[in-house]
There are 2 protein chains.
Amino acid sequence: MSKRTADAMEPPNGGLTRQRRTYTIGELARLFEVTPRTIRFYEQEGLLAPERRGQTRIYHEKDRVRLKLTLRGKRLGFSLAEIREVVEMYDAMPDGNARQLKRLLEILADKRANLERQLEDIRLMHRELDDVESRARDVLASLETESTGS
Amino acid sequence: MSKRTADAMEPPNGGLTRQRRTYTIGELARLFEVTPRTIRFYEQEGLLAPERRGQTRIYHEKDRVRLKLTLRGKRLGFSLAEIREVVEMYDAMPDGNARQLKRLLEILADKRANLERQLEDIRLMHRELDDVESRARDVLASLETESTGS
DNA sequence: GCCGAGGTTTACGTTAACGTAAAGTGCTTG
DNA sequence: CAAGCACTTTACGTTAACGTAAACCTCGGC
């Protein structure tokens, strides 16, 4: 939770205006600062479904975006199962029946509520940090005047 | 991650203006919607240190606040170890030497950066949810006009 | 005096999310 | 063609954060 996750810069895109770039698992891993193992694990959990050229995996933009969203969800404390729940329904949307769609809306509302609570938590936590920090600074200052002023 | 955690209401406080209330482990557990096991575990991990009356634990306001902050930290994705790190230093502040204090400030800055990133994540995630939701509503609407209009 | 509700310790079980190691495949490069 | 590098599968290991079960006190009430 203390890593400086370099959230998926758009790749330099050497010349070609857009698209058609593909990635190996290693490239993608470096891009998001995760291990290949993690990416394979996410696939196994149904969060990714890359193309296969023979035995090796080939990732397109679509897959990269998926991974990006997945990692973002993770940072927000969603479990892989929760993320998959949304991803799957999103994929099944075209042929989605009404029941499924309503269920999806429910889930989304739930996630939204979650985000709201987190926002409030962040606000509160921010104040706590301010408080602890100011106390720490005070003590630190008093320590210094002590050793200086005597 | 989908539980409606009823964030520690101030207890009704029957008459007495403040303080001096104590809690059993069960009361505290109900208050925060966790199990006693969880609370004992947090103690074992050095996050709580309740008074002991003989064998049984007695919790004061201080302990309740600790627990509240701990749970808030958890919802924000901090590990118990990270939370303990701050809690311990906070306790040790009076006699804190300069090195410890500077270290504490570092940790706080780190947590702060974390919160910033989470805020950004929340903003982005919010848009994604909006997007998915509007698509879902569109499909749903088209389904209904379909079955109605024919 | 016993009973049930709540407290206690001890210890093994469980789940999620990967890590790690072994053993094999496939290209390309000196 | 051998070496090396990146990919692959399979499978067992690990860590955090509790759950669960057993076996025990202890206290107020009937």
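Definitions and cut-offs
Residues numbered from 1 in each chain as written. Chains lettered and ligands numbered in written order. Predicted model: local features only at pLDDT ≥ 70, side-chain atom pairs only at ≥ 80, totals over all residues. Heavy atoms only, no water. Near = heavy atom within 4 Å. Polar contact = N/O pair within 3.5 Å; in protein donor to acceptor, adjacent residues only side chain to side chain. Helix = DSSP H or I, 4+ residues; strand = E, 2+ residues; numbered from the N terminus. Nonpolar A, V, L, I, M, F, W, Y, C, P; charged D, E, K, R; others polar. Buried < 20%, exposed > 50% of the residue type's maximum accessible area, 1.4 Å probe, protein only. Contact = heavy atoms within 4.5 Å. Arc of directions from axis to C-beta.

**Some remarks on the protein's contact with DNA strand D**
Residues in close proximity to DNA strand D total 17 residues, the closest being Thr24 and Arg57 of chain A together with Thr35, Arg37 and Tyr42 of chain B. If you look at DNA strand D and keep only atoms within 4 Å of the protein, 68% of those are sugar or phosphate atoms. The side chain of Thr24 of chain A places a nitrogen or oxygen atom 2.7 Å from a phosphate oxygen of DNA strand D. Residue Tyr42 of chain B places a side-chain N or O atom 2.6 Å away from a phosphate oxygen belonging to DNA strand D. Of all elements in the fold, only helix H1 (25-32), helix H2 (36-44) and strand E2 (56-58) of chain A together with helix H2 (36-44) of chain B reach the threshold of two or more residues within the surface near DNA strand D. Counting residues per element, the surface near DNA strand D draws most heavily on H2 of chain B, at 4 residues. Here the residues of the surface near DNA strand D sort into 4 nonpolar, 7 polar and 6 charged.

**A short note on the environment of Phe78 of chain B**
One can find Phe78 of chain B in the loop between helix H3 (61-75) and helix H4 (80-91). Taking relative accessible area as the criterion, Phe78 of chain B reaches 6% and is therefore assigned buried. Sequence spacing of Phe78 of chain B and Lys111 of chain B is 33 residues, and the spatial spacing of their C-alpha atoms is 8.9 Å. Beyond its immediate sequence surroundings of up to four residues, Phe78 of chain B is in contact with Met125 of chain A together with Gly73, Ile83, Lys111, Asn114 and Leu115 of chain B.

**Thoughts on H1 of chain A**
Residue and element names in this part refer to chain A. Those residues of H1 not exposed but buried are Ile25, Leu28, Ala29, Leu31 and Phe32. Mapping the buried residues of H1 onto a view down its axis gives an arc of 160 degrees, with all of them on the same face. Buried residues belonging to H1 abut H2, E2 and helix H3 (61-75). Glu33 sits one or two positions beyond H1 and adopts a positive phi of about 60 degrees.

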